[in-house]
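Next come the chains, spelled out residue by residue.
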Amino acid sequence: MTLTEGELHADVQVQQAKFVQAQGCAVESGYSGKLSMGVGGINSCVISRPWDPDYVEQRLAARAAAATKR
């Protein structure tokens, strides 16, 4: 059974994301997904995108600098 847009929880609807309903949608390369099938009908699917490499490098450099100051 497909979840319709009207069935999405209000906390989920406010997110800036693409929700795949009965028909699929195109995504850029590098995305991955995780499907969780729960007991009792609680199911979810999370789609993630890659981190921005510049952001990762900046965060790692900041952590390294903070560690050397200790």
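Further up the page is the structure itself.
Residues numbered from 1 in each chain as written. Predicted model: local features only at pLDDT ≥ 70, side-chain atom pairs only at ≥ 80, totals over all residues. Heavy atoms only, no water.

*Asks:* Hey, could you run me through the overall build of the protein chain in this one?
*Replies:* On a plain count of helices and strands, the protein chain comes out with 2 helices and 2 strands. Helices and strands in the protein chain line up, N terminus first, as α-β-β-α. Among the 70 residues that make up the protein chain, the fraction classed as buried is 1%. Accessible surface for the protein chain amounts to roughly 6700 Å². Of this, 55% is attributable to carbon and sulfur atoms. (Helix = DSSP H or I, 4+ residues; strand = E, 2+ residues; numbered from the N terminus. Buried < 20%, exposed > 50% of the residue type's maximum accessible area, 1.4 Å probe, protein only. Areas by Shrake-Rupley, 256 points an atom, 1.4 Å probe, with all protein chains shown as cover.)

*Asks:* Looking at this structure, how should I read the pairing of strand β2 (residues 43–48)?
*Replies:* Regular strands place side chains that alternate from one sheet face to the opposite one. In terms of strand pairing, strand β1 (residues 32–37) meets β2 through 6 bridges, oriented antiparallel. Considered in β2, the bridge of Ser36 is made with Ser44. Once β1 ends, the chain turns through 5 residues before running back antiparallel as β2, passing Gly40 with a positive phi of about 90°. (Pairing = 2+ DSSP bridges.)

*Asks:* Would you mind going over the packing of aromatic side chains with me for this structure?
*Replies:* Centre distance and the angle of the planes are the two values used to describe a pair of aromatic rings. Under the defined criterion, the tally for this structure stands at 1 aromatic pair. Judged by centre distance (5.5 Å) and plane angle (20°), the rings of Trp51 and Tyr55 are stacked. A relative accessible area of 38% means that Tyr55 is categorised as partly exposed. (Phe/Tyr/Trp six-rings, centres within 6.5 Å; stacked < 30°, edge-to-face > 60°.)

*Asks:* Would you explain a nonpolar patch on the surface in this entry?
*Replies:* Taken together, the side chains of Val27, Tyr31 and Ile47 make up a nonpolar region of the molecular surface, amounting to roughly 290 Å² of accessible area. Exposure remark for Val27: the relative accessible area of 55% places this residue in the exposed category. (Patch = residues over 30% accessible without salt bridge, like charges linked within 9 Å, V, L, I, M, F, W, Y side chains within 5 Å. Salt bridge = Lys/Arg side-chain N within 4 Å of Asp/Glu carboxyl O.)

Such coordinate-based values are descriptive only and should not be taken to indicate function.
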